[in-house]
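Notes for the structure review
The lines below spell out each chain.
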Amino acid sequence: MVKGIIAFGQYFLLDKIVGRSPSNIYQNPKFRSAIIQAILVFIVFYTFYSLYQTTVFNLEERGIKTSTSFFDQVAPFKVGFSPFLNFELGETTYIEVFYIGVLNTLLVAVLGIIAATLLGFFIGILRSSNNWLAQKFALIYVEIFRNMPLLLQIMFWNFAIFLAFLPPPKQSLEFGAFYLNGRGLQTPVPIVENNFLFKVWLGILIFSIIASFIFRNWAKKRRDQTGKSLPVLGISLSVIIIIGISSFYILGKPFAVDLPVLGKFNFKGGGQLPLPLFSLWFALTVYTSAFIAENVRAGIASVSKGQIEAARSIGLTRPQMVKLIIIPQALRVIIPPTISQYLNLTKNSSLAMAVGYEEVVAVWANISLNQTGQALIIIAMTIIFFEICSLFTSFILNIYNRRIQITER
Amino acid sequence: MTKSDSIIKISKLNKWYGKFHALKDIDLSVGRTEKIVICGPSGSGKSTLIRCINRLEVHQEGSIQVDGIELTDDIKQITEIRSDVGMVFQHFNLFPHLTVLENCSLAPIWVRKKSKVEAEEMAMQLLEKVRIPDQADKYPGQLSGGQQQRVAIARALCMQPRIMLFDEPTSALDPEMIKEVLETMIELADSGMTMIVVTHEMGFANRVADRIIFMDEGQIVEQNDPESFFKNPESDRTKLFLSQILDH
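Residues numbered from 1 in each chain as written. Chains lettered and ligands numbered in written order. Predicted model: local features only at pLDDT ≥ 70, side-chain atom pairs only at ≥ 80, totals over all residues. Heavy atoms only, no water.

**Brief notes about the overall build of chain A**
Scanning chain A from N- to C-terminus turns up 12 helices and 8 strands. Scaling as 2.2 N^0.38, a compact globule of 409 residues should have a C-alpha radius of gyration of about 22 Å, whereas chain A reaches 30 Å, well beyond that. In terms of overall dimensions, chain A has C-alpha extents of about 100 × 75 × 45 Å along its principal axes. Expressed as a percentage of the 409 residues in chain A, the buried residues total 39%. At a minimum sequence separation of 6, the contacts of chain A that also span at least 24 residues come to 66%. With 33 positive and 18 negative side-chain charges, chain A shows a separation of 15 Å between the mean positions of the two kinds. (Helix = DSSP H or I, 4+ residues; strand = E, 2+ residues; numbered from the N terminus. Rg over C-alpha atoms; globule rule 2.2 N^0.38 Å. Buried < 20%, exposed > 50% of the residue type's maximum accessible area, 1.4 Å probe, protein only. Contact = heavy atoms within 4.5 Å. Lys, Arg positive; Asp, Glu negative; His and termini not counted. Charge placed at Lys NZ, Arg CZ, Asp CG, Glu CD.)

Printed below as a string of structure tokens:
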């Protein structure tokens, strides 16, 4: 402000001396940029305000008053997949449909992030290996899946591969107690028979997991003091499994497992992961893992040759070198862009509409919106949901990132 | 000066990088506690030679024996030799994500299976020896080049090696830091360590070396004790090199 006045004064005086008219103030870059910014801010605000006004007006014109009262109305359509909340046609309300959509989005996002991370690291490590075949395989994988539009991939896996090639329920592919067919993946589901004993059993399991962490700390301290190391992971896992199984029988089987059984036309019992979820999860995993693989490759490549030579020269074995020298340094490069990929995966899950998976955009921003016409509230809630998801993910990962970044100053 | 009890025996060593013949028929034996300085123009194969000794480079012909162990593809033997042979690099190559103390105690803990307490105690002793015990909790990025190189020396010494290899340890340093690193190396030499040093520091060579080796185009051109080497170089190539390196 003060600078602006000074600039104005300078120009005014200068113009007096040179003899130009004071209207040349418009050629002062500071003055001009201030004016342009003010106009821009006004346009943006006015656009949003008029959009809001128009929408409210149009909705009211059609007899829709924007309010949240529809939340408690019963939703007149069926949501087929809601593993966390019970859906009853004729009882479930709109707001519950929103919760179901949100949970379904989170389900596919979490499953996708876990799988894409594992697969991405694996492909990225192959891509950095010295093995010619592994390297070329990873290169082709990355280039194919990174370069195709995601929507196309989702439709490709769902319609061209899974729907076309997976057998009908009668000829399901068997994986132990799991069955894969054209309708989806049939899984066993635990059924709790005795609630109290089940809680006791869960308590024992949690206790033994906590105990294994205490054991880990003790073993680390012992190694620091004596140099003797123990196979901590193997011991802990086998102890947890033995305790889990033996206490399951001692407590008299506190829960049963409901296995899917093939009936006349379809499976009875067990749970079902519908094919759209499976296809969407598969496509998101494959697509995102190609990007994560590139991040991993960049991270590994960022560790200089000198570091590897130094690690070798002090006698570290290859696995020790990877664990102690390469990974800690590579992670600092890998994590920030991988956060973006997690956010992308979560947002990309909204492409599920193409295959009919019932996530939040499909059941809420599409079906519920068409039924109620409450565009303002529904779209705003969907936007806010995705914003919160993204901010939360990056918040958590940024904390982790800061913890590993701070080591080098 | 000959020593019958040799710790490194290299015979008929040949190495190629693709078609480039980097080392040609190198024969060299190094006695226990002997100090050897290798010099020569860049590209003459000095670094390649010492990097072959702990197998950072793989040779194609000839044999290298370190303390009676033959260098082959056997990973166990390579690891064993590497933990007996310390190496100091031109660009320090400290681990930037670990503190000075962690840099030094890493290999004793993971390779020698020492306890952390014991490894850190020894690391502190060696950091005192290179006169930077007060920097133990800092990260390499916070130290000067000379300090970093002294940490690198301490890191190599923590494995209690029998042989130390130095690959142009002062070439990346500012002039005033060269002195502090050379002093540390002189102290190490005085303590009886077997050392092979690739360097252009002729003052250091004159003072410490039992033998100076001059290499050119992948071959050992001349080797002699410092006095004869500097006063009566035999080959013309050595004379030319010495005149270039000493007259400035």
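Next, the rest of the story.
**Here's the deal with the interface of chain B and chain A**
Taken together, the contact pairs 28 residues of chain B with 24 residues of chain A. Taking both partners together, chain B and chain A bury about 2500 Å²; carbon and sulfur atoms supply 58% of that area. The salt bridge partner of B:Arg51 is A:Glu309, with a shortest N-O separation of 2.5 Å. Taken together, chain B and chain A are joined by 6 residue pairs in polar contact (both at pLDDT 80 or more). Going through the elements one at a time, helix H2 (75-84), strand E6 (85-88), helix H3 (100-110) and helix H4 (116-129) of chain B are the ones with two or more residues in the side of chain B that touches chain A. Of the residues forming the side of chain B that touches chain A, the biggest block, 3 residues, is contributed by H3(B). Grouping the constituent residues of the side of chain B that touches chain A by class yields 14 nonpolar, 7 polar and 7 charged. (Buried area = accessible area lost by both parts, 1.4 Å probe. Salt bridge = Lys/Arg side-chain N within 4 Å of Asp/Glu carboxyl O. Polar contact = N/O pair within 3.5 Å; in protein donor to acceptor, adjacent residues only side chain to side chain. Nonpolar A, V, L, I, M, F, W, Y, C, P; charged D, E, K, R; others polar.)

**Overview of unusual backbone geometry**
Residues and elements named next belong to chain B. Even without glycine at this site, Lys12 takes up a positive phi of about 50 degrees. Structurally, Lys12 is set in strand E1 (residues 6-17). Despite not being glycine, Asp25 has its phi angle at roughly 45 degrees, a positive value. Tracing the backbone shows Asp25 in strand E2 (residues 20-31).

**Quick look at the sheet that holds strand E5 (residues 69-70) of chain B**
All names here are of chain B. Overall, antiparallel pairing links the 4 strands, which are arranged E2-E1-E4-E5 in an open sheet. Of all strands in the sheet, those bounded by a partner on one side alone are E2 and E5. Packed on one face of the sheet, helix H1 (residues 46-53) meets E1, E2 and strand E4 (61-66) and runs near 120 degrees to E1. (Pairing = 2+ DSSP bridges. Axes fitted to C-alpha atoms, helices over the stretch in contact; angles between N-to-C directions.)

**Focus on the nonpolar core**
B:Ile10, B:Ile38, B:Leu49 and B:Leu106 are the most contacted members of the largest nonpolar core, which has 91 residues in total. Ranked by the residues each element gives to this core, the list is headed by helix H8 (residues 275-301) of chain A, at 12 residues. With residues up to four places along the chain from it excluded, the contact list for B:Leu106 reads A:Ile314, A:Leu316, A:Leu324, A:Ile325, B:Phe95 and B:Leu98. The next biggest cluster of nonpolar side chains, apart from the first, holds 48 residues, and it includes B:Val88, B:Ala123, B:Met164 and B:Ile245. (Core = buried A, V, L, I, M, F, W, Y, C linked by side-chain atoms within 4.5 Å.)

**Let's talk about the domain arrangement of chain A**
The assigned domain composition of chain A is domain 1 (2-61) and domain 2 (94-170 + 276-408). Between domain 1 of chain A and domain 2 of chain A, the C-alpha centre-to-centre distance is 44 Å. (Domains from an automatic or database assignment.)

**Some thoughts on the sheet that holds strand E1 (residues 173-175) of chain A**
All names here are of chain A. Taken in spatial order, the 4 strands make up an open sheet running E1-E2-E3-E8, and their pairing is antiparallel. Of all the strands in the sheet, just E1 and strand E8 (271-274) have a single pairing partner and so form its edges. Direction aside, neighbouring strands of the sheet carry axes that sit 20 degrees apart on average. The pairing of strand E2 (residues 178-181) with strand E3 (residues 184-187) spans 3 bridges and is classified as antiparallel. When the sheet's bridge partners are listed, Leu180 is paired in E3 with Leu185. Sheet strands touched by H8: E2, E3 and E8. Its angle to E8, the strand with the most contacts, is close to 55 degrees.

**Some points on the state of the cysteines**
Linking two cysteines covalently via their sulfur atoms produces the bond known as a disulfide. Residues and elements named next belong to chain B. All told, the structure shown has 0 disulfides over all chains when counted by the stated rule. Not part of a disulfide, Cys52 finds its nearest cysteine sulfur in Cys39, a span of 19 Å. Take Cys52: its relative accessible area is 0%, and that puts it in the buried class. (Disulfide = S-S within 2.5 Å.)

**A look at the packing of aromatic side chains**
Under the defined criterion, the tally for this structure stands at 30 aromatic pairs over all chains. Judged by centre distance (5.2 Å) and plane angle (70 degrees), the ring pair of A:Phe156 and A:Trp157 falls under edge-to-face. Sitting over the face of the ring of B:Tyr17, B:Lys15 holds its NZ or CZ atom 4.6 Å from the ring centroid. The positively charged end of B:Arg155 is found above the aromatic ring belonging to B:Phe95, 4.6 Å away from the centroid. (Phe/Tyr/Trp six-rings, centres within 6.5 Å; stacked < 30°, edge-to-face > 60°. Lys NZ or Arg CZ within 6 Å of the ring centre and 35° of its normal.)

**Re the pattern of salt bridges**
Evaluated as defined, the whole model comprises 21 salt bridges over all chains. For A:Glu294, the salt bridge identified is with A:Arg146, shortest N-O distance 3.8 Å. Of this pair, A:Glu294 sits in helix H8 while A:Arg146 sits in helix H4 (residues 132-147), placing them 148 residues apart in sequence. B:Lys179 is the partner of B:Glu183 in a salt bridge, and the nearest nitrogen-oxygen pair spans 3.7 Å. Residue B:Glu183 and its partner B:Lys179 are both found in helix H6 (residues 175-190); the two are separated by 4 residues, about one turn of the helix. A residue is classified by how much of its surface remains accessible, and B:Lys179, at 56% relative accessible area, is exposed. Here the salt bridges share partners, and the residues they tie into one network are A:Arg127, A:Glu143, A:Arg146, A:Glu294 and A:Arg297.

**Observations concerning H1(B)**
Residues and elements named next belong to chain B. Most of H1 is tucked away, with 7 of its 8 residues classed as buried. Of all the positions in H1, only Lys46, Thr48, Leu49, Ile50, Arg51, Cys52 and Ile53 are classed as buried. The positive-phi residue at the C-terminal boundary of H1 is Arg55, with phi of around 60 degrees.

**Considerations on a nonpolar patch on the surface**
On the surface, a nonpolar cluster with roughly 660 Å² of combined accessible area is contributed by A:Ile35, A:Ile39, A:Phe42, A:Ile43, A:Tyr46 and A:Tyr49. With respect to the helices and strands, the residue A:Tyr46 is situated in helix H2 (residues 29-61). (Patch = residues over 30% accessible without salt bridge, like charges linked within 9 Å, V, L, I, M, F, W, Y side chains within 5 Å. Areas by Shrake-Rupley, 256 points an atom, 1.4 Å probe, with all protein chains shown as cover.)

**So, the side chain of A:Thr105**
Here A:Thr105 shows up in helix H3 (residues 94-127). Other than its neighbours up to four places away in sequence, A:Thr105 contacts A:Ser349, A:Glu359, A:Val360, A:Phe385 and A:Phe386.

**Description of the pairing of E6(B)**
Residues and elements named next belong to chain B. Here E6 shows two buried faces, one formed by Val85 and Met87 and the other by Gly86 and Val88. Of the strand pairs in this sheet, E6 and strand E7 (residues 163-167) are connected by 4 bridges, and their pairing is parallel. Each bridged residue has a counterpart across the sheet, and for Val85 the counterpart in E7 is Ile163.

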